[in-house]
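For reference, the chains in residue letters:
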Amino acid sequence: MMQPNLDLLIPAYVREFEPYIPSKPDAELKKLYRCDRLLRLNNNENPLGPPPGAQEVICKFSPPSGAVYPSGDSYYLRREIAAIHGIDPDQVLVGNGANEVITFVIKAFCEQGDNIITADKTFAVYEWVATFSGIEARVIPLVREGFDDRGMLRAIDHRTKILFVCNPNNPTGTYWSRKILTDFLDAVDGRQIVVIDEAYFEFVEAADYPDGIALIRQYPNVVVFRTFSKMYGLAALRIGYLAGNPDVVDMIRRTCVVYSVNAIAQEAARAALQDDTGHIRRTRELVAESKAFLCEELSKMGLPLIAGEGNYLIVRLPGSDTLAYRKLMREGVMIRPMTGFRYPDHIRVSLARLEAMEVFVGALKKILS
Ligand SMILES: *Cc1c(COP(=O)(O)O)cnc(C)c1O
């Protein structure tokens, strides 16, 4: 059989797209780097795991139910989310992680020739999904490590469909206050969709940090993302959601594939929302303690850092971040090199247990000496 002519079959924007290479499973990495334990500080996971109620749901899932399709629209979970935020369940769409809802929104609003606007140093998936879908991604440089509201507004043209704001920003931890966000929304004036990615919402304690979902009534062009992967410790189960105005969500719903959210994830997410054991408080305390420790240790080492909201911070190294990654891996510590985020010579470290932070600092001292 002849080889298919991929140059003819594949659109140029797919052919030319550099695929993201996921890291190998931990067991393979341990063999590769010859380390007997591996500390994962690369994905901003919650070291406490899911809240106890969600853990119980996972344990109690009845194996024969594995044969039964889940609710195709996460019926009960949407009701639960809507009740918490005082919105209608039809204003909520649940996806296979917040990553999947990014694709829903771009598919719903964008066609060839359109563009989206976001920052150059932020969560990269908005830019990636746009690019491999043949949609131009305009990436606006950060200002003082934060999203540049005016720069984003200036980049808007008649083909701009969506503005993506990561609040707080991954990886810099900066956030837009309520005032900056509402001034921005007033300036956009409903002409484009404004996505506010609140993946780290539950970590932020600042009083002027705005709740995007509460702004939907006043600004019907706002779409908010939340995830169960970070604070709620359910990253392995892949579940996140978006919330928006009923008409907007009704359109986005047309682009989602049913059954992408599995039954265990739906039930565990419901239990996570109902948690009353202080899971969020405990996680915030752990993050605060580890952040204070790291800030002090890194400043003693003379390493500049960028720290804000969220369970992560960025460290600037005297040399290559990708080389530091390989050296730290040999010490059994996995961090995120930031070259891919357009921050060469920087690494992002998740704020985990204090003991983990001590191991990280020890390994960093060793590889830099
Ligand atoms: C982790 C993360 C997500 C994606 O979360 P999933 O629900 O695991 O797909 C989205 N946005 C930001 C900013 C994140 O850091």
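Reading guide: rules and limits
Residues numbered from 1 in each chain as written. Predicted model: local features only at pLDDT ≥ 70, side-chain atom pairs only at ≥ 80, totals over all residues. Heavy atoms only, no water. Patch = residues over 30% accessible without salt bridge, like charges linked within 9 Å, V, L, I, M, F, W, Y side chains within 5 Å. Areas by Shrake-Rupley, 256 points an atom, 1.4 Å probe, with all protein chains shown as cover. Salt bridge = Lys/Arg side-chain N within 4 Å of Asp/Glu carboxyl O. Helix = DSSP H or I, 4+ residues; strand = E, 2+ residues; numbered from the N terminus. Pairing = 2+ DSSP bridges. Axes fitted to C-alpha atoms, helices over the stretch in contact; angles between N-to-C directions. Contact = heavy atoms within 4.5 Å. Buried < 20%, exposed > 50% of the residue type's maximum accessible area, 1.4 Å probe, protein only.

### Quick word on a nonpolar patch on the surface
Here's step 1: Together, Leu-6, Leu-8 and Leu-9 make up an exposed nonpolar region whose accessible area comes to about 360 Å².
Here's step 2: With respect to the helices and strands, the residue Leu-8 is situated in helix 1 (residues 6–9).

### Points about the sheet that holds strand 6 (residues 193–197)
Within a beta sheet, neighbouring strands are joined by backbone hydrogen bonds and run either parallel or antiparallel to one another.
Here's step 1: Reading across from one edge, 2-8-7-6-5-3-4 is the order of the seven strands in this open sheet, with mixed pairing throughout. If you trace the sheet from one side to the other, it starts and ends with strand 2 (92–95) and strand 4 (136–140), each paired once. Within the sheet, the average angular offset between the axes of one strand and its neighbour, ignoring direction, is 20°.
Here's step 2: Where strand 3 (residues 115–119) meets strand 5 (residues 160–166), three bridges bridge the pair, whose relative direction is parallel. Directly across from Asn-115, in strand 5, lies its bridge partner Thr-160.
Here's step 3: Along the sheet, helix 5 (residues 75–85) makes contact with strand 2, strand 7 (222–227) and strand 8 (240–244), crossing strand 2 at roughly 130°.

### Thoughts on unusual backbone geometry
Here's step 1: In the segment running from Asn-167 into Pro-168, the intervening peptide bond is cis, with an omega of 0°.
Here's step 2: Position of Pro-168 relative to the elements: it lies in the loop between strand 5 and helix 9 (178–188).
Here's step 3: Looking along the chain, the bond that leaves Asn-170 and enters Pro-171 is cis, with omega of 20°.
Here's step 4: For Pro-171, the position within the fold is in the loop between strand 5 and helix 9.
Here's step 5: A positive phi angle is found at Arg-34, which is not glycine, with a value near 50°.
Here's step 6: Tracing the backbone shows Arg-34 in the loop between helix 3 (26–33) and strand 1 (39–40).
Here's step 7: Its identity is not glycine, yet Arg-144 carries a phi of approximately 45°, on the positive side.
Here's step 8: Given a relative accessible area of 75%, Arg-144 falls into the exposed group.

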